[in-house]
Amino acid sequence: MSSRATIIDTDPGIDDAVAILAALASPEFDVLGITTVAGNIGIATTTRNAGRILALVGRGDVPVIPGAAGPLSRKGFDVADIHGYDGLGGVGFPEPATPPRSAHAANWLADTLKARPAGSVDILALGPLTNIAQLLVDEPESAHRVGRIIAMGGAIREPGNIGPRSEFNMAADPEAAEAVLAAGLPLTLIPLDVTRKVRADRAYVEGLRGAGTAASRASADLIAAYFQTTTGGESRPLHDPCVMLMALAPRLFGCEDMALSVDCGETRDAGSLEPASDARRPFSVALTVDGGGALSLLAARLTQR
Ligand code: BDR
Ligand code: CA
């Protein structure tokens, strides 16, 4: 099977960690590197966490490249502490086997996209879009060499999880999100409308734990920690793994093309999505998902030996 050159841009993060473990277990992805961004927790911790996740599954060969320590142009974002003091719910991971690169994520993204044929490298974006926006500022021609970007973010017909209509990844850096949505890149957006329908309950967690791979045991612990740090309900949404699932099995999702812009104001709804008033290029937005199929495929990858 030929694998697709893929960069993961991420702020791990409990659900980021599950998504990364699923990608590393999937032969469809040739993971060229993990670029990190501040979001769920600060940049030093998201960068360390990326290295810890790689170390758990013996993939210290995958480079980790630190990126933005805060939003493009507004002051840093205070987050609810749902990912725990260490960003990974206190779950035991080994220390990184390899130190992070000294390059900045946006520079490394540009160099990597230029070094390979145009259209041959995809980006799976699991956090605030600051690094990709910085790439667009620094080297727009390199940014347009990307094959495809699949990004978790936004809420279309669903309430937000930060403000009434705003979702965390967009709210954490609205100007970056707006730059990416306006750029005419080959983008697929994965909003809360679908990620809230891919939910792990306690039986799912125990199934992962029982399967006994390093990735499935860690994922079970991570989702169990997510139960500890959030309240209400018998299940938890697996936001970021939906990005990997879209890349692996687009048949699981129903998408529509939409032209959207981002509210860059100062209210609680900063970061919310609205129909674009200019003539920008539409992009694909996932609005429906086969939740059971998505959970089965995720479990299959995490439990694979
Ligand atoms: C997004 O916000 C973060 O907390 C999660 O990791 C996910 O990327 C969901 O709104
Ligand atoms: Ca994330």
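Enquirer: Explain the layout of surface pockets to me, using residue names and the numbers behind them.
Expert: In this model, the largest pocket occupies a volume close to 520 Å³. Along the walls of the largest pocket sit 27 residues, with Ile-82, Asn-161, Tyr-226, Pro-237 and His-239 positioned nearest its centre. Elements with a minimum of two residues in the lining of the largest pocket: α1 (14–24), α6 (168–172) and β8 (235–237). Among the elements that take part in the lining of the largest pocket, β8 stands out by supplying 3 residues, more than any other. Looking at side-chain class alone, the lining of the largest pocket contains 10 nonpolar, 9 polar and 8 charged residues. Looking at the second largest pocket, its volume works out to about 220 Å³. Lining of the second largest pocket is provided by 15 residues; of these, Arg-74, Phe-77, Ala-171, Thr-267 and Ala-270 occupy positions nearest its centre. Residue classes in the lining of the second largest pocket are distributed as 6 nonpolar, 4 polar and 5 charged.

Enquirer: How would you sum up the sheet that holds strand β6 (residues 187–190)? Please name residues and give values.
Expert: One open sheet holds the 8 strands; their spatial order is β3-β2-β1-β4-β5-β6-β12-β9, and the pairing between them is mixed. With partners counted over all chains shown, the strands left at the sheet margins are β3 (64–66) and β9 (253–258), one partner each. Taking the axes of each pair of neighbouring strands and ignoring which way they run, one obtains an average angle of 25° across the sheet. Relative to strand β12 (residues 283–289), β6 runs parallel, the two being bridged by 2 bridges. Within β12, the residue paired with Thr-188 across the bridge is Ser-284.

Enquirer: Kindly report on empty space enclosed by the protein, identifying the contributing residues and their values.
Expert: Per the stated rule, a full pass over the model turns up 1 cavity of 30 Å³ or more. Put simply, the largest cavity is a space of about 40 Å³. A breakdown of the residues in the lining of the largest cavity according to their chemical character gives 6 nonpolar, 1 polar and 1 charged.

Enquirer: I'd love a proper account of the coordination of the calcium ion (ligand 2), names of residues and values included.
Expert: The expected angle between donors at a tetrahedral four-coordinate metal is 109.5 degrees. At an octahedral six-coordinate metal it is 90 or 180 degrees. Listed as protein donors to the calcium ion (ligand 2) are Asp-11 (OD), Asp-16 (OD), Asp-16 (OD), Leu-126 (O) and Asp-240 (OD); their distances from the metal cover 2.3 to 2.6 Å. Each donor residue of the calcium ion (ligand 2) lies on the same chain, and together they follow the pattern D-x4-D-x109-L-x113-D. A residue pair is termed long-range when its members are at least 10 positions apart, and Leu-126 in the loop between β4 (121–125) and α4 (130–138) and Asp-240 in the loop between β8 and α11 (241–248) qualify at 114 residues. For the pair Leu-126 and Asp-240, one class covers both residues: buried.

Conventions we followed
Each chain has its residues counted from 1, running along the sequence as written. Chain A is the first chain written and ligand 1 is the first ligand written, with later ones labelled in order. In view of the model being predicted, local features appear only for residues whose pLDDT reaches at least 70, and side-chain atom pairs are presented and counted only at 80 or more, with totals across whole chains, interfaces and linings using the full set of residues. In computing side-chain values, all of the structure's heavy atoms are included and hydrogens and water are not. Using a grid of 1 Å spacing that covers the protein atoms alone, one calls a set of points a cavity when a 1.4 Å probe fits there but cannot get out, and a pocket when the set is open and has protein on both sides within 12 Å along at least five of seven lines; lining residues are those with an atom within 4 Å of a point. Grid points are joined across faces, edges and corners, and a volume is the space filled by probe spheres set on the points. The helix count covers DSSP runs of H or I at least four residues long, the strand count covers runs of E at least two residues long, and both are numbered beginning at the N terminus. Gly falls in the polar group here, along with every residue not listed as nonpolar (Ala, Val, Leu, Ile, Met, Phe, Trp, Tyr, Cys, Pro) or charged (Asp, Glu, Lys, Arg). Paired strands are those between which DSSP finds at least two bridges. Each axis is a line fitted through C-alpha atoms, and for a helix only the stretch in contact is used; angles between axes span 0 to 180 degrees, taken between their N-to-C directions. With water omitted from the atoms examined, metal sites may look incomplete; donors here are N, O and S atoms no farther than 2.8 Å from the metal, or 3.2 Å in the case of Na, K and Ca. Exposure is judged per residue with a 1.4 Å probe applied to protein chains only, and the accessible area is read against the type maximum: over 50% gives exposed, under 20% gives buried, and values in between give partly exposed.

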